[in-house]
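# Structural overview
The primary structure of each chain is shown beneath.
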Amino acid sequence: MRNETVTTEASPQAVLQPTGIKRFFKLMMRQKALLAMSLPFVIWVFVFKYVPLWGWTIAFQHYRPNLGMFQQEWIGLDQFRFLFADDSFIRVLRNTIAMAVIKLVLGFVTAIVLAILLNEIRIIVFKRFVQTISYLPHFISWVVAANLISTALSIDEDGIINKVLMWLHIINEPVLWLGVGHYFWGILGISEVWKDVGWNTIVYLAAMTMIDPAQYEAAEIDGASRFQRILRITLPGLKPVIIILLIMNLGNILETGFEPQYLMGNGMNADFSENLEIFVLKYGISMGNFSLATAAGIFKTVVSFILLFSSNAIAKRMGEERLF
Amino acid sequence: MVGKKLSILSLTIALTATLAACSSNNNGNSSSSTTPASTAPSSDASPSSSASAEPKEDLTPVTFTYFNANSQVPDIDSNQTEIGKKLEEQTGVNFKLQFPVGDVNTKIGTMIASGDYPDVLAPDTAIDKILDAKAFIPLNDLIDQYGPNIKKVYGPYYNQMKQADGNIYFLPFSAVVGDYQPAPTIEQGAFFIQRRVLKEFGYPKIKTLDEYFDLIKKYNDAHKGDDLTGFTSLTYDWRTMGIFNAPMHLAGYPNDGDVIVDMQTHKSDIYSDDDSTKRWLKKLNEINNEGLYDKSSFVNNYDQYLAKISSGKVLGFFDYEWEVDQAIQNIRKTGNDDLDYLALPVVFDQDIKDQYLDPNSFVDNRGVGITTSAKDPVRIIKYFDNMLKEENQVMIQWGFKGENYEVDDKGRFYQTPEEIEARKDNATNQKVGFTYFNYSWPMYGLGSTLSDGNSLAVNRQPEVAQASFTEGDKNILSKYGVQTFSDLFAKPDDRPWYPAWSIAIEQGSPAQIFQQKSKDVKLKYFPKLVLAKPDQFDGIWDEYIKEFSKLDVKGFETTMDGLIADKIAKVTGSSN
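Residues numbered from 1 in each chain as written. Chains lettered and ligands numbered in written order. Predicted model: local features only at pLDDT ≥ 70, side-chain atom pairs only at ≥ 80, totals over all residues. Heavy atoms only, no water.

### Some details on the nonpolar core
Residues and elements named next belong to chain B.
- Ranked by internal contacts, the top residues of the largest apolar core, which has 111 residues, are F191, I193, F231, W280 and L284.
- Broken down by element, the residue count for this core peaks at eight residues, all from helix α22 (residues 510–531).
- Excluding its chain neighbours within four sequence positions, the residues that come into contact with L284 are F213, F231, I243, Y293 and V530.
- One finds V120, V176, V368 and W441 within the second-largest nonpolar core, a separate group that totals 56 residues. (Core = buried A, V, L, I, M, F, W, Y, C linked by side-chain atoms within 4.5 Å. Buried < 20%, exposed > 50% of the residue type's maximum accessible area, 1.4 Å probe, protein only. Helix = DSSP H or I, 4+ residues; strand = E, 2+ residues; numbered from the N terminus. Contact = heavy atoms within 4.5 Å.)

### What to know about the sheet that holds strand β9 (residues 314–320) of chain B
All names here are of chain B.
- In space, the four strands of this open sheet follow the order β6-β9-β5-β10, with mixed pairing throughout. Of all the strands in the sheet, the pair left with one neighbour each is β6 (229–232) and β10 (341–344). Along the sheet, successive strands turn relative to each other by an average axial angle of 20 degrees, direction set aside.
- Pairing of strand β5 (residues 189–194) with β9 involves five bridges; the strand directions are antiparallel. For F192, the partnering residue across the bridge sits in β9 and is F317. (Pairing = 2+ DSSP bridges. Axes fitted to C-alpha atoms, helices over the stretch in contact; angles between N-to-C directions.)

### Thoughts on the confidence of the model for chain A
- Taken as a whole, chain A shows an average pLDDT of 86; of its residues, 93% reach a score of 70 or greater.
- Here residues 1–10 of chain A is modelled with pLDDT under 50, and outside its nearest four sequence neighbours on either side it reaches five contacts, counting other chains as well. (pLDDT = per-residue confidence, 0-100.)

### Points about the domain arrangement of chain B
- Structurally, chain B comprises domain 1 (22–180 + 363–460), domain 2 (189–359 + 479–488) and domain 3 (500–572).
- If you average the C-alpha positions of domain 1 of chain B and of domain 2 of chain B, the two centres end up 39 Å apart. (Domains from an automatic or database assignment.)

### Notes on the packing of aromatic side chains
- Inspection of the entire model under this criterion finds 54 aromatic pairs over all chains.
- Ring centres of F305 of chain A and F309 of chain A lie 4.6 Å apart, and the angle between their planes is 40 degrees; on these two criteria the pair is classed as tilted. With F305 of chain A and F309 of chain A both in helix α15 (residues 290–317), this residue pair falls four residues apart, about one helical turn.
- On the numbers, 5.8 Å between centres and 50 degrees between planes, the contact of Y525 of chain B with Y544 of chain B is tilted. Here Y525 of chain B is found in helix α22, whereas its partner Y544 of chain B is found in helix α23 (residues 537–549), with 19 residues between them in sequence.
- What makes Y525 of chain B buried here is its relative accessible area of 5%.
- The class for Y544 of chain B is buried, based on a relative accessible area of 0%. (Phe/Tyr/Trp six-rings, centres within 6.5 Å; stacked < 30°, edge-to-face > 60°.)

### Digging into the interface of chain B and chain A
- Counting from both sides, the interface comprises 26 residues of chain B and, opposite them, 25 residues of chain A.
- Taken together, both faces of the contact between chain B and chain A bury some 2100 Å²; the carbon and sulfur share is 49%.
- At the surface where chain B touches chain A, the tally comes to four salt bridges.
- The closest approach of N and O atoms between D156 of chain A and K308 of chain B, which form a salt bridge, is 2.7 Å.
- When residues of the side of chain B that touches chain A are traced back to their parent elements, those giving at least two are α13 (302–310) and α22 of chain B.
- With nine residues, α22 of chain B is the single largest residue contributor to the side of chain B that touches chain A.
- Looking at the side of chain B that touches chain A residue by residue, the class counts come to seven nonpolar, seven polar and 12 charged. (Buried area = accessible area lost by both parts, 1.4 Å probe. Salt bridge = Lys/Arg side-chain N within 4 Å of Asp/Glu carboxyl O. Nonpolar A, V, L, I, M, F, W, Y, C, P; charged D, E, K, R; others polar.)

Encoded structure:
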């Protein structure tokens, strides 16, 4: 931009410094190549991100796919009423939030700890080996992963968890892990960590490379121990990344995912495994009640919006890094 | 510099991709539009000739397009197959047969959006969309004028085929002609038991649930060290029938879904809160406490369930044959007949007549129709009519005499072992044309019987079924003194509304919400009931009933009563 203004002053017409609309069009003409290049992407964003918002209107209709927009029957807030009045809604919301918090906290802590540990390893080959092993599960689809997990947890002969625990005399008889509701959140949390911890460390490891090595050297000369260096240099260095990621994840807190809960859920643990997405699938999409599904989507968006903006505002108040 | 180059490169790639996408679209359009165009001259000529009192059939060669969404096989011209060639000789009509690649709904959606259809269309599950889009032409007048054979085959079913406006838009595939011939092997639900159990105790006759479990218990006790599973079930996703539906069958009813329907009053009854369900779960609770029940039944997914049965260590289970077919095929591959299963019609008490076999029913939500894009519906309906001549039905299902089947001196059709083998070979089936013709066309329903008493469907002919049984099959059939596996079951009574589960319930209606809610409650309480200590059973049952009765059971039953009455009226009402 600065270059731009310099050339402007040099050109004879610009000396007059036109203002308002005139200036706008002038600038536009001068930047027409740039504008032309960005136009497709603006259209793309508009078509794929803003036009679909129009679809929100079906949350207020008794939507029938074969009818046109103007033939739809408008029912106001009935879908929202059904959603909030349903007995299971509170339970489903509780599960969603609980699983989201578990996932968020566990995910953050384990990824940061693993990243710090990896950072301290000096044998590069070993470091790469651990890194590769830990992020491999990320590439397994949840369908396969859920099969692996439920096989490992089964009470049959291939259920390795029960076998090991029996062998260690921690339990006396095999436990039907997926059949006890209370265990589900824990199982889900551990599964998520197993699947994504390696992947999540990547961004932290990248952030650590940005920390000036001179700081470590200075600290070492000052006699800081390894633990102190982690605490006083690495962690503060990571703080901006952690806060940004936290804000972004808070915005998505109601998106606890759908696959693991759906694939590992069953009648016995449904009280704890059923989340908002599964509720929407059952009572919305699979019944052709797209209006309800949309209403739930709007609810989620509103919650996400509030969380995102409030966490961002808090970060701002505290003078920390923030999203916008 | 590098950045600039990169951006130019990516732009180029994006552009080429867009262009390629456009051009492939164009190709698709042009090829599909040229086909009807090339046939246009000949079809233009035909109406005039057919209008004149037609002493001679119009045999000018013509090619139509047919998109068949029911199966995914290679595209072909119908006259490239032996059957198609014969039919072309009779009618002069050739079909360009097309099949979906990928998602049917997307393909049909595209057709609707463009308004460009093939001449003939079998849209499978997307048929509602096609009807909504009014893409089929009404067939009533065409059939009246040109379809004597169509009238003969489909006449009895006109009431069910008519849409709300009184028109017939498509021809379904299940119009039974002659006596109904049930399948000789079990295709429905049953209590399965491993053959070694029966063998060990000299093939006893099993009628009741108690006898069934007693036998399993006796066998398991005698083979303690073998790590056997007495009985397993599946409750996964929508596959919950293995545990939900059993009480209905045990009480002597066929599979009507969530309800049993009284034969006299035609009133429906939710059985999930009835004594029959209590009795079934109590029995499972009992065998669970004897260590015979597979505890992981309620957490296993479908793959784990199939793997379990495939292992050959499960002595018994209740399910529908099509659900466990893969596992049973795996066991057959081992060649060990002892590990194979026998399907039994088990009921609660000696005096209950079992009704496992599906009564003859007419599936009226699948079919083939002529679209608004068709150039010459008259030639097409004549082709359809010609197909429905009995000799052509024989050719389409059985093939050619001396090549694909034989006829003995009593006029019975049969197949030599080589012919049976050849019928299992895909390449042969495609060459002869069975793959392309024996379904998804106007046809006799597969349970039909020909006028000479032979079965229309090859595998339903007792002689063929007999010949395809293994040694083990024959052995166990002879032990029970029956010809086929379905002979072990009682003949199905006539139930005009059957199957109640296929009656469409309005999307998102209270009845549908009830179905989902009751499923949730059942899925929560059934495991508790089965896995509980015996003395806790009654307490949990009361709790379950309390939860269940919070739902609108009466409302659902009333809705079903109405729908069943409608269907009965449609099925039995005089054709008008």
